[in-house]
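Report on the structure
Spelled out from the first residue to the last, the chains are:
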Amino acid sequence: VARGLLPPATLMVDTTPLPMPRRAALAIRVLLFACGSLCYALLGILSQLSKEDDGTYGYSLPSVVLAAEAVKLLLSCCFLTAERGSLVGACRGMVECSPWLWLAYTIPSVLYALNNNLDMLNNLHMDPATEHVLVQGKILTTGLVWWLVFREPLGLRKWLSLLVLFSGAVLAGMPSEALFSGSRQMHIDSVGCVLVTVHCWVSACAGVYNEWLLKVLGKDDSIHISNIRLYSIGCVVNLAAHILSDHGAGQSLFAFKGYNRYVVALVVTYASMGLLLSQVMKWFDNIVKLFISGSSMYVSALFAWTIFGYAPTVNFCIGVGLVTIAMLIFNLDKIRGAMQSTEKKET
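Residues numbered from 1 in each chain as written. Predicted model: local features only at pLDDT ≥ 70, side-chain atom pairs only at ≥ 80, totals over all residues. Heavy atoms only, no water.

**Quick look at the overall build of the protein**
As a reminder of what qualifies: Working definition: helices are DSSP H or I runs of at least four residues, strands are E runs of at least two. Numbering for both runs from the N terminus. Remark: exposure states derive from per-residue accessible area (1.4 Å probe, protein chains only) relative to the maximum for the residue type, with buried under 20%, exposed over 50%, and partly exposed in between. Here, residues are in contact when the closest pair of their heavy atoms is within 4.5 Å. For the accessible areas, the method is Shrake-Rupley and the probe is 1.4 Å, while residue cover comes only from the protein chains on display.
Helix and strand counts for the protein come out as 14 helices and zero strands. Across the protein, helices and strands are ordered from the amino to the carboxyl terminus as α-α-α-α-α-α-α-α-α-α-α-α-α-α. Taking all 347 residues of the protein together, 43% fall into the buried category. Partitioning the intrachain contacts of the protein with sequence separation of at least 6 by distance along the chain shows that 86% fall at a separation of at least 24. Per element, the accessible surface of the protein, about 18,500 Å² overall, is 68% carbon and sulfur.

**Topic: the nonpolar core**
Inclusion rule: In this text, buried Ala, Val, Leu, Ile, Met, Phe, Trp, Tyr and Cys residues form a nonpolar core when linked through side-chain atoms within 4.5 Å.
Counting residues in hydrophobic clusters, the biggest one holds 24 residues, and the most contacted among them are Ala129, Val133, Leu165, Met297, Phe316 and Met327. With six residues, helix 13 (residues 314-330) is the largest single contributor of residues to this core. Grouped together as the second largest cluster of nonpolar side chains are 16 residues, Cys97, Leu101, Ile228 and Tyr231 included.

**Let's talk about the packing of helix 7 (residues 138-150) against helix 9 (residues 190-217)**
Stated formally: Axis definition: a line fit to C-alpha positions, over the contact stretch in the case of helices; interaxial angles, taken between N-to-C directions, run 0 to 180 degrees. Roughly parallel covers angles under 35 degrees, roughly antiparallel covers those over 145, roughly perpendicular covers 65 to 115, and oblique covers all other angles. Crossings are assigned a handedness: left-handed for a near helix turned anticlockwise from the far helix by less than a right angle, right-handed for a clockwise turn.
Look at helix 7 against helix 9: their axes get within 8 Å of each other, and the N-to-C directions meet at 45°. Classified by the angle their axes make, helix 7 and helix 9 are oblique. In the packing of helix 7 onto helix 9, the handedness of the crossing is right-handed. Residues Lys138, Thr141, Thr142, Leu144, Val145, Trp146 and Phe150 of helix 7 form the contact with helix 9, whose participating residues are Cys200, Trp201, Ser203, Ala204, Cys205, Val208, Glu211 and Trp212.

**A closer look at the side chain of Ser232**
Formally: Whenever a nitrogen or oxygen atom comes within 3.5 Å of another N or O atom, the pair is scored as a polar contact, on the condition that within protein one atom can donate a hydrogen and the other can accept it, and that pairs from neighbouring residues in sequence are kept only if both atoms are in side chains.
Take Ser232: it is sitting in helix 10 (residues 223-244). Within the structure, Ser232 has its side chain in polar contact with the backbone oxygen of Ile228 (distance 2.6 Å).

**A closer look at helix 2 (residues 61-84)**
Our working definition: Every helix has an expected span of 1.5 Å times one less than the residues it contains.
Here helix 2 spans 35 Å end to end across 24 residues, near enough to the 34 Å set by a 1.5 Å rise per residue. Just downstream of helix 2 lies Gly85, where phi reads positive at about 90°.

**Some points on helix 9**
Over its 28 residues, helix 9 extends 40 Å from the first C-alpha to the last, a length consistent with the 40 Å expected when each residue adds 1.5 Å. Those residues of helix 9 lying buried are Gly192, Leu195, Val196, His199, Cys200, Val202, Ser203, Ala204, Ala206, Val208, Asn210 and Leu213. Residues of helix 9 that are buried make contact with helix 4 (99-104), helix 5 (106-122), helix 6 (128-134), helix 7 and helix 10. A distance of 3.2 Å separates the backbone nitrogen of Val191 from a side-chain oxygen at the start of helix 9, and that oxygen is part of Asp189.

**With respect to the pattern of salt bridges**
In plain terms, the rule: We define a salt bridge as a side-chain nitrogen of Lys or Arg found within 4 Å of a carboxyl oxygen belonging to Asp or Glu.
Inspection of the entire model under this criterion finds one salt bridge. Across the pair Lys72 and Glu69 runs a salt bridge, and its minimum N-O distance is 2.9 Å. Of this pair, Lys72 and Glu69 both sit in helix 2, separated by three residues, roughly a single helical turn. With respect to class, Lys72 is no different from Glu69; both count as buried.

**A few points about the confidence of the model for the protein**
We count it as follows: For every residue, the predictor assigns a confidence score, pLDDT, that lies between 0 and 100.
For the protein, per-residue confidence averages 77 on the pLDDT scale, and residues scoring 70 or more make up 80% of the total. Confidence, read as mean pLDDT per element, is least for helix 14 (residues 332-346) in the protein (67) and greatest for helix 5 (89). Confidence drops under a pLDDT of 50 for residues 1-20, and excluding neighbours within four residues, the segment shows six contacts in the predicted structure.

The structure is reproduced here in structure tokens:
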């Protein structure tokens, strides 16, 4: 259609500035999305940077998770105090719950502790970019666990997307030539394959069980009370693992040997992730969390190339593309729902 034949109204562009509250909300959303993608990607990068010259960790892995859990526990106590209006009110809210409910939170706390330690252990057996793509397999395992536990049918589209995701993850881990000569080779060994598989299943079980706790047993509780239960038990579990580790044996509980600036940054990143995701759920929804996780694959690959020299391979690029497509197909109904909700708000 010729431009001159269009109605005049279609040629006009609204240059009116957005109202400040709307502009501020948009800025917050963009900032949270960027920070979420960055934090997800930094977990593997900082783990690699924190290693000793011989490629091993010079510190206790459980101590990192312990420190992060302690920070999140302290902040959750502060948030609960602010919510209840006083420290006495916060303490009353904690003691009113049943001891059996605390016991129920032991399972996800142990699973999350194992999962977070596996995050760092994975980086001993693969590069951070490969690890970041392969752990997206938790979408596959979460879908399977959800289907097994709740007997909720997935449908043909989701089953096909899980097959595509599995194919993409396998392809990304297969060795091939780097796209650029003189670069380090992306890699994963047999132990890394086992660890990633365990990581994905543990993550799925922890996520599904914790969601059941929040929506069934703890549906009437404040989210801060639920988090305090989770983080308190997590601190105990990781403290025990730290004491039993080679780095923690014979030391005082807070003498964390081998820490450097990258380990401190890793603790801050782990602690920030929980707070950041809670804000993402406040300002966004689950679908945005999905896009944050997906976009972090590309951020991690960029960091792995620029910092460590791991240039992407042909298999890796195709695998990342397949995983991205699978994530979109699996959550197509949520994407459509989010778009329709946005259109209704705009009208």
